[in-house]
Amino acid sequence: MSTWVISGARPLGGGPADIILTDGTISAAGSGAAAPRGAQVLDATGLIALPGLVDLHTHLREPGREDAETIETGTLAAALGGFTAVHAMANTDPVADTAGVTEQIWRLGRQAGHCDVQPVGAVTVGLAGSRLAEFGAMADSAARVRVFSDDGRCVSDAVLMRRALEYVKAFDGVIAQHAQEPRLTEGAQMNEGVASGRLGLAGWPAVAEEAIIARDCLLAAHVGSALHICHVSTAGSVEIIRWAKSKGWRVTAEVTPHHLLLTDDLVASYDPVYKVNPPLRTATDVAALRAALADGTIDCVATDHAPHPVEDKETEWAVAAHGMTGLETALRVVQEAMVDTGLLGWAGVADRMSARPAVIGRLTGHGRPLAPGEPANLVLYDPAARSAVDPATHASRSRNSPFAGMTLPGQVIATFLRGRPTVLDGKPA
Amino acid sequence: MNRHLISAADLSKQDTLLILDTAEELARVADRPIKKLPTLRGRTVVNLFFEDSTRTRISFEAAAKRLSADVINFAVKGSSVAKGESLKDTALTLEAMGADAVVVRHSASGAPHRLAGWLRGSVINAGDGSHEHPTQALLDAFTIRRRFGRGAGEALDGLRVTIVGDVLHSRVARSNVWLLHLLGAEVTLIAPPTLLPVAIDGWPCSVSYDLDAALPKSDVVMMLRIQQERMNAAYFPSVREYSRRYGLDTARLGQLPEDAIVMHPGPMNRGVEIAAEVADSPRSTIVEQVANGVSVRMAVLYLLLGGLEAGK
């Protein structure tokens, strides 16, 4: 295998160092390491080196909606965003609720080769919320599923949720909950608040998220299991999670880039590019989410990358699909919302976008330090770059980026997956 | 004026008075034996109705025809499940047919906003979901102004307007709050707490749950239609209870000041939000509202399509 010498990069934003990648492993990191003969050299002066990013929450749409995204295009988008591993959500068609489907997704990810694809298994058969999927079979399959989620739908039945939490303890699994009380959100279109009242759109109240999170924290404590909360979006949710963590309960949480940057007043345009579930909230919520990510109450950033074809978004608001793309803009948005605001340093970014999501997702080969002997998964990022987001240039098959036209800092220059470049010069390698 | 009329909140006071004054002039056409002006000859107005609304559609049709426009009625059976042709494709079709104005009624809030992005012609919102119904608010303002003997150029300063009913789902209430406030009226919303938006603080009006307390201080009371199916979603316990607490019956009519008027955008549920005797009383403006609707919609079409200079 090849050897790469990455010269002059700043690991976690610190002083310049040379990083040498040999046979898929970091063989040296520091100054003055001799470049082995025949090594390829990448001048990374001024670039920040971070461990390869890990996304706990990606919709790759394959199988079933290959018009929106495929594992090939979605993982290429991930690599271009600096990710070396993504968790593929289970709401495909067919649903990833069996060992067969999860293994297929895992294999397609390996074939594509742009980043590791770790399938998430469904909690209930067909996401129907009535019968548990065969967790054990998925866990024992080649895909080694550890994270289970009905994401897109809430496991609203309290007994089913309790049993799921209990059952996955047998193989150190975690249930990732999409917290949305269904009765409180029937027909809901946007955050319930000032904007929904004016716009005449049915409200999605914060309490519908917070009530489920509170219930599930209590359930997780009762059965001593691991709960992960997807896409936390409200200030109240943050308070509940902070309380649950203070008790020492095994609760983790993620926040999306869009909930760190955008607010519900954007809906005044009625442009469904801003339609997402959970919905964009208020500036108060955004501030609370940023603070919670900074202090670790929220463990990680997860994209909830949700590609949709043009025709599913070029409609009236009520019939449009929920979701936003996010893989190719995640790190830039985090820089804008967290780093440039002084809330989080680059070591913090590495923790929240790589180390912690890898631990929550039970991935052993990712989220490791940039140190000799560790897997050579890393991203080189130029924080000084600045450009407008143009979804037409994205590798994702879909164009529904809510950041379109916004000027954001940063650019991913290179991504390495086990020593092999997947992205060089900001382009697919 | 703007090219479109999508939200009453987009109107300036000057625009609004121009519309009302123009409507006042155009209303005289209705008194002539030949109720027609040549102003919009050769222009095409499309009534694009995704929701059944015979009265609004007919009102716009009459308005356009009195201005000699060609009118195309395009009724789409509104089903969001079996979508069929997309709103965008419908817009492109109308564009290709050369529609100068599209009057749109849609069950989805914001549909006229979307259409305006796809069409070169003017978009007139004839009611979108729970969002707005700006021509209804204009005709209500016109009716109030006339009833209180105010003439061209005058606004509604000092008048106290009480709007009663399902504010949460009402496009009529939203448009009226913005427009009547703009014209200087003091607006009070009365509803059971379940039928008010949770965050109504930013609205330029006061809010109360008590109809009886508000009535003696009202120059205008506007009753909104209550949809009986709201009961099934637990917004109120029963139609009878709603009617007892929020319906306008003859006893409550007696609490109003002597010259106060009673309005309703129609269609009414007689015996629910408004008693038949009240609807038919001399204080009721309900039939006038229908007639005034044609004049106001003529003014809107005239000003959007004919241009400002033609209005002078």
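Cut-offs and rules
- Residues numbered from 1 in each chain as written.
- Chains lettered and ligands numbered in written order.
- Predicted model: local features only at pLDDT ≥ 70, side-chain atom pairs only at ≥ 80, totals over all residues.
- Helix = DSSP H or I, 4+ residues; strand = E, 2+ residues; numbered from the N terminus.
- Rg over C-alpha atoms; globule rule 2.2 N^0.38 Å.
- Buried ≥ 20, exposed ≤ 12 C-beta atoms within 10 Å, placed from the backbone.
- Contact = placed C-beta atoms within 7 Å.
- Pairing = 2+ DSSP bridges.
- Right-handed = clockwise from strand over helix to strand, strands pointing away.
- Nonpolar A, V, L, I, M, F, W, Y, C, P; charged D, E, K, R; others polar.
- Expected span 1.5 Å × (residues − 1).
- Domains from an automatic or database assignment.
- Core = buried A, V, L, I, M, F, W, Y, C linked by C-beta atoms within 7 Å.
- Axes fitted to C-alpha atoms, helices over the stretch in contact; angles between N-to-C directions.
- Left-handed = near helix turned anticlockwise from the far one by under 90°.

Participant: Is there a simple way to explain the overall build of chain A in this structure?
Facilitator: Per the secondary structure count, chain A includes 11 helices and 19 strands. Its C-alpha atoms put chain A at 65 × 45 × 45 Å along the principal axes.

Participant: I tried to follow the overall build of chain B on my own but got confused; where do I start?
Facilitator: Looking only at helices and strands, chain B has 12 helices and 9 strands in total. Here the C-alpha radius of gyration of chain B, 19 Å, is about what a compact globule of 312 residues would show, namely 20 Å. With the principal axes as the frame, chain B shows a C-alpha extent of 55 × 45 × 35 Å. For chain B, buried positions account for 49% of its 312 residues. In chain B, once contacts between residues fewer than 6 apart in sequence are set aside, the share between residues at least 24 apart is 75%.

Participant: Help me understand the pairing of strand E14 (residues 251–255) of chain A in this model?
Facilitator: For a regular strand, the rule is simple: side chains alternate between the two faces of the sheet. Residue and element names in this part refer to chain A. Of all 5 residues making up E14, 5 are buried, and the element is well covered by its neighbours. The side-chain alternation of E14 yields two buried faces, one formed by Val 251, Ala 253 and Val 255 and the other by Thr 252 and Glu 254. Relative to E14, strand E13 (residues 227–229) runs parallel, the two sharing 3 bridges. If you follow Leu 227 over to E14, its bridge partner there is Val 251. Crossover connection from E13 via helix H7 (residues 235–246) to parallel E14: handedness right-handed. Of the strand pairs in this sheet, E14 and strand E15 (residues 300–301) are connected by 2 bridges, and their pairing is parallel. Among the inter-strand pairings, Glu 254 is bridged to a residue of E15, identified as Cys 300.

Participant: How do you make sense of the interface of chain B and chain A when you look at a structure like this?
Facilitator: A common way to report how large an interface is uses the accessible area buried once the components associate. Facing the 22 residues of chain B at the interface are 16 residues of chain A. Among the secondary structure elements, those contributing two or more residues to the side of chain B that touches chain A are helix H3 (87–96), helix H4 (111–118) and helix H6 (171–182) of chain B. With 3 residues, H4(B) is the single largest residue contributor to the side of chain B that touches chain A. Tallied by class, residues from the side of chain B that touches chain A come to 7 nonpolar, 10 polar and 5 charged.

Participant: Got a minute to help me understand helix H2 (residues 99–112) of chain A in this structure?
Facilitator: For the α-helix, the turn length of 3.6 residues means that residues three or four positions removed from each other point alike. With 14 residues, H2(A) extends 20 Å from end C-alpha to end C-alpha; this agrees with the ideal 20 Å at 1.5 Å per step. For H2(A), the complete set of buried residues consists of A:Ala99, A:Val101, A:Thr102, A:Gln104, A:Ile105, A:Trp106, A:Gly109 and A:Ala112.

Participant: Looking at this model, I keep getting lost on the domain arrangement of chain B. Mind explaining?
Facilitator: Residue and element names in this part refer to chain B. According to the domain assignment, chain B contains domain 1 (8–131 + 290–311) and domain 2 (135–288). Computed over C-alpha atoms only, the centres of domain 1 and domain 2 are separated by 25 Å. Contacts between the two partners involve 25 residues from domain 1, matched on the other side by 23 residues from domain 2. Taken together, the elements giving at least two residues each to the side of domain 1 that touches domain 2 come down to helix H1 (13–27), strand E4 (122–128) and helix H11 (286–306). A breakdown of the residues in the side of domain 1 that touches domain 2 according to their chemical character gives 12 nonpolar, 7 polar and 6 charged.

Participant: I keep staring at the pairing of strand E18 (residues 420–424) of chain A and nothing clicks. Help me out?
Facilitator: Residues and elements named next belong to chain A. In this sheet, E18 lies alongside strand E17 (residues 407–417) in antiparallel orientation, the contact comprising 3 bridges. Residue Leu 417 lies in a different strand from E18, and its bridge partner there is Arg 420. Counting the residues in the hairpin turn of E17 and E18 gives 2 residues, including Arg 418, whose phi is positive at 45°. Pairing geometry for E18 and strand E19 (residues 427–428), over 2 bridges, is antiparallel. Counted as the bridge partner of Val 423 is Pro 428 from E19. Linking E18 to E19, which pair antiparallel, is a turn of 2 residues; within it Asp 425 sits at a positive phi near 55°.

Participant: What should I look at first to understand the environment of B:Leu48 in this one?
Facilitator: Residue and element names in this part refer to chain B. Residue position: Leu 48 is located in strand E1 (residues 44–49). Note on Leu 48: 26 C-beta atoms within 10 Å, which makes it buried. For the pair Leu 48 and Thr 90, spaced 42 residues apart in sequence, the C-alpha to C-alpha distance is 9.3 Å.

Participant: Would you take a moment to explain the domain arrangement of chain A for this structure?
Facilitator: Residues and elements named next belong to chain A. Under the domain assignment, chain A is made up of domain 1 (3–48 + 374–428) and domain 2 (53–360). One C-alpha centre belongs to domain 1, the other to domain 2; they are set 26 Å apart. For the side of domain 1 that touches domain 2, the per-class residue count stands at 15 nonpolar, 10 polar and 2 charged.

Participant: Before we go on, may I ask you to explain the nonpolar core in this structure?
Facilitator: Across soluble globular proteins, nonpolar side chains show a tendency to be buried alongside one another. Ranked by size, the top nonpolar core spans 237 residues in total, and within it A:Ala49, B:Val102 and B:Leu301 carry the most contacts. Here this core gets 11 residues from one element, more than from any other, and that element is H11(B). With sequence-adjacent residues up to four places away left out, B:Leu301 is seen in contact with B:Leu40, B:Val45, B:Ala63, B:Ala64, B:Leu67, B:Ala69 and B:Ala101.

Participant: Explain the packing of helix H5 (residues 134–147) of chain B against H11(B) to me, please; I cannot follow it from the model alone.
Facilitator: The packing of two helices is summarised by the inter-axis angle and the distance between the axes. All names here are of chain B. The N-to-C vectors of H5 and H11 enclose an angle of 115°; their axes lie 8 Å apart at closest approach. Two packed elements cross with a definite hand, and for H5 against H11 that hand is right-handed. Residue-level contacts link Thr 135, Leu 138, Leu 139, Asp 140, Phe 142 and Thr 143 of H5 to Glu 288, Gln 289, Asn 292, Gly 293, Val 296, Arg 297 and Val 300 of H11. Broken down by class, the residue content of the contact of H5 with H11 amounts to 5 nonpolar, 5 polar and 3 charged.

Participant: When you look at the sheet that holds E1(B) in this model, what are you seeing that I'm missing?
Facilitator: Hydrogen bonding along the main chain pairs the strands of a sheet, whether they run parallel or antiparallel. Residues and elements named next belong to chain B. Spatially, E2-E1-E3-E4 is the arrangement adopted by the 4 strands of the open sheet, whose pairing is parallel. Two strands bound the open sheet, and with one partner strand each, they are strand E2 (70–75) and E4. When the angles between neighbouring strand axes are averaged without regard to direction, this sheet yields 15°. Sitting on the sheet, H4 touches strand E3 (101–106) and E4, and the angle it makes with E4 is about 165°.

Participant: Hey, could you run me through the environment of B:Val300 in this one?
Facilitator: Residue and element names in this part refer to chain B. Residue position: Val 300 is located in helix H11. A sequence separation of 167 residues divides Val 300 from His 133, and the C-alpha atoms of the two residues are 13 Å apart. The residues contacting Val 300, other than those within four sequence positions of it, are Leu 5, Ile 19, Ile 124 and Thr 135.

Participant: What's the story with unusual backbone geometry in this structure? I'm lost.
Facilitator: Residues and elements named next belong to chain A. Cis geometry is adopted by the peptide bond preceding Pro 94, which originates at Asp 93 and carries an omega value of 5°. Tracing the sequence through the fold places Pro 94 in the loop between strand E7 (83–88) and H2. Look at the link from Asn 277 to Pro 278: it is a cis peptide, with omega at -5°. Within the secondary structure layout, Pro 278 lies in the loop between helix H8 (257–261) and helix H9 (283–295). Notably, Leu 12 is not glycine yet its phi reads approximately 50°, a positive angle.

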